[in-house]
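# Inside the fold
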Amino acid sequence: MNTLTHKKMILGITGSIAAYKSADLVRRLREQGADVRVVMTAAATKFITPLTLQAVSGQRVHIHLLDVHAEAAMGHIELARWAEVVLIAPCSADFLAKLTYGQADDLLSTLCLATTAPISVAPAMNQQMWQAPITQENCQRLQQRGLKILGPTSGSQACGETGIGRMLDPLELVHCLQDLFQSGPLQGKKVLITAGPTREDIDPVRFISNRSSGRMGYAIAEAALAQGAQVTLVSGPVSLSPPSGVHKVSVYSAQDMYEAVMTYIPTTDIFIAVAAVADYRPVQQATQKLKKNEAHLQLNLERTPDILATVANLPTPPFTVGFAAETHHLADYAHSKLKHKKLDMIVANLVGIEGIGFESEDNALSIFWNGGSIELPRKSKKELANQLLEIIIERFLRVCS
Ligand code: C5P
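Residues numbered from 1 in each chain as written. Predicted model: local features only at pLDDT ≥ 70, side-chain atom pairs only at ≥ 80, totals over all residues. Heavy atoms only, no water.

Within the chain, the secondary structure is distributed over 15 helices and 19 strands. A principal-axis box enclosing the C-alpha atoms of the chain has dimensions of 80 × 50 × 40 Å. In the chain, of all internal contacts separated by at least 6 residues, the share reaching a separation of at least 24 is 66%. Roughly 19400 Å² of accessible area belongs to the chain as shown, and the carbon and sulfur atoms make up 50% of that amount. The centroid of the 37 positive side-chain charges in the chain is displaced by 1 Å from the centroid of its 37 negative side-chain charges. (Helix = DSSP H or I, 4+ residues; strand = E, 2+ residues; numbered from the N terminus. Contact = heavy atoms within 4.5 Å. Areas by Shrake-Rupley, 256 points an atom, 1.4 Å probe, with all protein chains shown as cover. Lys, Arg positive; Asp, Glu negative; His and termini not counted. Charge placed at Lys NZ, Arg CZ, Asp CG, Glu CD.)

So, on to the site of the ligand. Ala273, Ala275, Pro305, Phe323 and Lys337 are the nearest of the 13 residues found near the ligand. Within the complex, the protein chains bury 86% of what would otherwise be the 450 Å² of accessible surface of the ligand. Those elements that place two or more of their residues in the shell around the ligand are α13 (307-312) and β16 (319-326). Split into classes, the residues belonging to the shell around the ligand amount to seven nonpolar, two polar and four charged. (Near = heavy atom within 4 Å. Nonpolar A, V, L, I, M, F, W, Y, C, P; charged D, E, K, R; others polar.)

By domain assignment, the chain separates into domain 1 (8-181) and domain 2 (190-285 + 296-400). Here domain 1 and domain 2 have C-alpha centroids that lie 39 Å from each other. It is Gln32, His175 and Asp179 that lose the most area in domain 1 upon contact with domain 2, and together they represent 71% of the buried surface on that side. Taken together, the connections running from domain 1 to domain 2 amount to zero salt bridges. Our count for the contact surface shared by domain 1 and domain 2 stands at zero residue pairs in polar contact (both at pLDDT 80 or more). The dominant element in the side of domain 1 that touches domain 2, judged by the number of residues it contributes, is helix α10 (residues 170-181), at four residues. Of the residues in the side of domain 1 that touches domain 2, the class split is one nonpolar, three polar and two charged. (Domains from an automatic or database assignment. Buried area = accessible area lost by both parts, 1.4 Å probe. Salt bridge = Lys/Arg side-chain N within 4 Å of Asp/Glu carboxyl O. Polar contact = N/O pair within 3.5 Å; in protein donor to acceptor, adjacent residues only side chain to side chain.)

We now examine the pattern of salt bridges. On inspection of all chains with the given rule, the structure shows 14 salt bridges. With its nearest N and O atoms 3.5 Å apart, the salt bridge here joins Arg27 to Glu31. Placement of the pair is Arg27 and Glu31 together in helix α1 (residues 22-31), with a separation of four residues, close to one helical turn. Owing to a relative accessible area of 40%, Arg27 belongs among the partly exposed residues under this scheme. With a shortest N-O distance of 2.7 Å, Lys98 and Asp105 are connected by a salt bridge. On the accessibility criterion, Lys98 (11% relative accessible area) is buried. (Buried < 20%, exposed > 50% of the residue type's maximum accessible area, 1.4 Å probe, protein only.)

On to the pairing of strand β2 (residues 35-40). With five of six residues buried, β2 is to be regarded as a mostly interior element. Bridging between strand β1 (residues 8-13) and β2 involves six bridges; their strand directions are parallel. Bridging from a neighbouring strand, Met9 pairs with Val36 of β2. The parallel pair β1 and β2 is bridged by α1, and the resulting crossover is right-handed. (Pairing = 2+ DSSP bridges. Right-handed = clockwise from strand over helix to strand, strands pointing away.)

This brings us to helix α11 (residues 215-226). In this model α11 runs 17 Å from its N-terminal to its C-terminal C-alpha over 12 residues, within 8% of the 16 Å that 1.5 Å per residue would give. Buried within α11 we find Met216, Gly217, Tyr218, Ala219, Ile220, Ala221, Ala223, Ala224 and Leu225. Of the residues trailing α11, Gly228 is marked for its positive phi of about 100 degrees. (Expected span 1.5 Å × (residues − 1).)

Another point: α10. Over its 12 residues, α10 extends 17 Å from the first C-alpha to the last, a length consistent with the 16 Å expected when each residue adds 1.5 Å. Where α10 is concerned, the buried positions are Pro170, Leu173, Val174, His175, Leu177 and Gln178. Buried-residue contacts for α10 involve β1, α1, β3 (85-91), β4 (119-123), β11 (230-235) and β12 (247-250).

We now examine the side chain of Ser57. If you trace the backbone, Ser57 turns up in helix α3 (residues 50-57). Discounting chain neighbours no more than four positions away, the residues touching Ser57 are Val26, Arg30, Val36 and Val38.

Attention now moves to the sheet that holds strand β18 (residues 362-369). Read from one edge to the other, the open sheet built from eight strands follows the order β12-β11-β8-β13-β16-β17-β18-β19, with strand pairing classed as mixed. The sheet terminates laterally at β12 and β19 (372-380), the two strands that pair on one side only. When strand polarity is set aside, the average angle formed by the axes of neighbouring strands in this sheet is 15 degrees. Across four bridges, the pairing between β11 and β12 is parallel. Across the sheet, Leu233 pairs through a bridge with Lys248, a residue of β12. (Axes fitted to C-alpha atoms, helices over the stretch in contact; angles between N-to-C directions.)

Encoded structure:
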């Protein structure tokens, strides 16, 4: 279950150049099913128009405190009561100060005083302003009162300086908010999943790939989300939509998948490699379509990087789960992979059997870990994914706590 679905949310926008990102933020929040009402300060309207926010939110934008018409429709107290969560993004240094001292001289600051909903703020300002002792003091006081400060992050700033003060990206803010509402044994944990096939180009029109549909990996991503995890799904080309709330990274080749995984792995708690990664790729990719001039054509292939083995052999690897799709000797191959790739767990399934495995709705799994194993008989991939997740969580909590 996506934690932002049907959440009643006030997005407060204050006067900062990062306000241009707020339109995208509204879109991202709505994608997650949140019901977003935008409240802007007067300064915010100088950076982005209320019309833009009205278009992306599909709702009237609230700006004025003492507006007879607005108060007749949904007054400030009503709006404050309606909200289940308040996010102020971007939050300027001035607004941080206002919040700290409890001022109520405009609609947004008044709402913040009047609401009992949890408030999160995403500061955005010049790095010197962020570092100013009074700003830091204000943040500390707000945190002591239970407000969440999301970011800021570092990087180049609109003012030409470089440093801490950039607002978090809309997608990062969405993830932070999801974390706030998550519950379940994987709350606060990051799960990285690979899924689907990869494609290894031979020439501009041909590639080597396999019959993986991605269904198992996508079902596992949904199951991990339901257990409270923050899920990133690195997916090869498939015709599935990711479960809402999952951060999907689309990749094409094994090399792309390797690079995407390595980007996210440092902050990953559990890595589940479900993808059917191509083991070989053409040494050279023809820049033009190959012609059928000869009776025989030989392709020179080389190994792709073994993503799973690379992750499992990192100095501080996450809890690592591999998959093994085999046509025979399932248990033997699975045991040998568990040991040689130094995995925490391996999930084996038979392929080449009518009705289960690649391209099927169903599967049957044999799960092995050091000192134990369990069989999950034929079921839908969704049901199996939920059962598998429970087993992973039990082993993860045992090994990593
Ligand atoms: O050794 P084998 O390819 O059978 O191992 C399968 C497991 O390794 C799967 O979990 C798959 O996602 C992963 N794998 C990988 N990178 C590769 C090949 C396989 O991560 N290049």
